[in-house]
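# Structural features, examined
Now for the letters of each chain:
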There are 2 protein chains.
Amino acid sequence: MNEFELIQRYFWRQTVVRQDVAIAIGDDAAVIDIPAGYQLVVSTDVLVEGVHFPSDAAAQAIGHKALAVNLSDMAAMGAEPAWFTLNLSLPDVDENWLEAFCRGMFDLAGEYNVQLIGGDTVKGPRTIGIQINGLVPTGQALTRSGAASGDYIYVTGTLGDAALALAHHQGKLTLTEDEQQKVSSRLHTPEPRVRIGQGLRGIANSAIDISDGLAADLGHILEMSKVGARLNMPDIPLSSVYRTHFEVAGGYATAVGFGDDYELCITVPGDKTDKLESIGLELGCRFYLIGEIESEAGIRWITADGERWEPPSHGYSHFR
Amino acid sequence: MNEFELIQRYFWRQTVVRQDVAIAIGDDAAVIDIPAGYQLVVSTDVLVEGVHFPSDAAAQAIGHKALAVNLSDMAAMGAEPAWFTLNLSLPDVDENWLEAFCRGMFDLAGEYNVQLIGGDTVKGPRTIGIQINGLVPTGQALTRSGAASGDYIYVTGTLGDAALALAHHQGKLTLTEDEQQKVSSRLHTPEPRVRIGQGLRGIANSAIDISDGLAADLGHILEMSKVGARLNMPDIPLSSVYRTHFEVAGGYATAVGFGDDYELCITVPGDKTDKLESIGLELGCRFYLIGEIESEAGIRWITADGERWEPPSHGYSHFR
């Protein structure tokens, strides 16, 4: 099977066909119609074997996650994801792997009506680069730079479960079958908060998705918005499984420092909290209030005892 | 230096600042204004060390070429390139390498006013994935599917020089210093035919850039347009250096089969050839007439003696 046969066999069979795609896969480039009154939103993420996923990771989960982490960036902008390209580097043509990878990727693409419009397939170390393009009504993107003193800080779900699942996978702790089932999807097949992100337009002053850990990612909001924050640690949502293994998992340090959660962290001004509540009810999403934006720079982590605490690490960084 | 410092140090210093970039590098995604009456054009290409460039290739040339091959796809669509994202996988932080890589990439970006709007930087085998976004007036993209029987077939420059430079690099033949100087830029720092591509809107019926060799790439046009072609081999443009080393370089088989030329191959109807001539004069580009589109499928290669010839290979393909 050569490159062209591979592309036709695996990548031409997606089910999503959008009306705004004038020219899809098969030409030198794709051509897309952008509706008036909307801005284009562009993001990209790469997953490298051995760095972002182990060599023995299930291909279906890799396909899901490669797209999910990109959809999560659209969510954090309040954008509607629409089209993506795929850069796939593979050491060889493993048909079972490709079949499962495509299933994971295209199932998620179908869920959000995002169409694959192009890409490049090359021989090399297993690496998946996806770039996603989306739309947002002009001027309504959720940025990292809009947080204001007095804003309430929320996260959209529990933190630390992906870290817990990885620790189990690496043999650093042992989860029961039942516990594994509860947290492993958080690591392998995270659900991007796409609809929630779109619902937050006009409500949130700022937003980011938690990929590098709450400490680092909230830190990006604070830096870009030139503000600080006070966080009430007992309010940080942890799953019952995480609470069970709290100490061996690394406690709050892991929960706020590891990342890979793909929840949103948002800040909302006081006069919009009732709208936030409505959106939460409408979309079936709970927003966990964890603290407040303050004018003083930095994050003040406050324990249940009213003490100050400092996380030992500041999130995941390559090359450190 | 961690990932964030690396990004700030090397990738925030570009000189291109476009007015249509509402949010640039530094948020979850970039936000872009698309003018009314234009369509978005999207393409992506990956370069892998050891596959697309040797480990000892000059970083500046790699930076140039990674962007150039993407700009070449915009040229082949008749699009105006505007913004790009960069996915960079690196085994380590080599400051000299990064410095030179960025110089090559940003110098070319400045030449065509394309702005880096985002990306992802990860630890892994050296791989460069660039996605480029451009604009084309609605309905005016040059496609692979518009060739019609009777169209004249042109290429925008000599073929085979990149192959010749690589053969020298690999020790398969020996070029003089002077010859090297003439052909090595064709391999290492190709010039994408961006302005020519835009000039061909409304003139060419179809277009493709020659990355996999004339035989394979013209083949894509023929397949998508459901037509065939007759090519006069003596009219295929070869540089004087290529002619000197014609036999040892592999003759026409290499010139039309290897690729990496990044010239355009276009088809133009008879009533537009005078417009083509005007554009050629205006942009200082020579269009070499090499054959004609015919209704019968396949390519008929005709030698100087009027004999039929068949190329032994059909262009470069991964996984073959």
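Residues numbered from 1 in each chain as written. Chains lettered and ligands numbered in written order. Predicted model: local features only at pLDDT ≥ 70, side-chain atom pairs only at ≥ 80, totals over all residues.

### Focus: the relation of the copies chain A and chain B
Threshold: C-alpha atoms of residues with pLDDT of at least 70 in both copies form the basis for the least-squares superposition of the copies. For every residue pair, C-beta atoms are placed from the backbone, and the pair is scored as a contact if these atoms sit within 7 Å.
Superposing chain A onto chain B takes a rotation of 180 degrees combined with a translation of 0.0 Å along the rotation axis, leaving an RMSD of 0.0 Å. The relationship between the two copies is best expressed as a two-fold rotation axis. An overlap of 100% is found between the interface residues of chain A and their copies at the interface of chain B, pointing to a shared contact surface.

### Description of the interface of chain A and chain B
Rules: The classification used treats Ala, Val, Leu, Ile, Met, Phe, Trp, Tyr, Cys and Pro as nonpolar, Asp, Glu, Lys and Arg as charged, and all other residues, Gly among them, as polar. Following DSSP output, two strands are said to pair if at least two bridges run between them. Helix and strand assignments follow DSSP, with helices taken as H or I runs no shorter than four residues and strands as E runs no shorter than two, numbered in order from the N terminus.
In this complex, chain A contributes 60 residues to the contact, which on the side of chain B involves 60 residues. Class assignment for the residues of the side of chain A that touches chain B results in 30 nonpolar, 19 polar and 11 charged. Sheet topology places strand β3 (residues 38-48) of chain A next to strand β2 (residues 30-32) of chain B; three bridges connect them, and they run antiparallel. Bridge pairing links Val-42 of chain A to Ala-30 of chain B in β2 of chain B.

### Topic: the domain arrangement of chain A
All names here are of chain A. For the record, the criterion: As used throughout, domain bounds are those supplied by an automatic or database domain assignment.
For chain A, the assigned domains read domain 1 (3-137) and domain 2 (152-309). Computed over C-alpha atoms only, the centres of domain 1 and domain 2 are separated by 26 Å. With 17 residues of domain 1 at the interface, the matching set in domain 2 holds 17 residues. Broken down by element, the residue count for the side of domain 1 that touches domain 2 peaks at 12 residues, all from helix α2 (residues 59-77). Tallied by class, the residues present in the side of domain 1 that touches domain 2 amount to 11 nonpolar, three polar and three charged.

### Re the environment of Asp-45 of chain B
Of note, Asp-45 of chain B is situated in strand β3 (residues 38-48). Sequence separation between Asp-45 of chain B and Tyr-154 of chain B is 109 residues; the distance between their C-alpha atoms is 25 Å. Apart from residues lying up to four places away in sequence, Asp-45 of chain B is in contact with Asp-120 of chain A together with Val-69, Asn-70, Asp-73 and Ile-130 of chain B.

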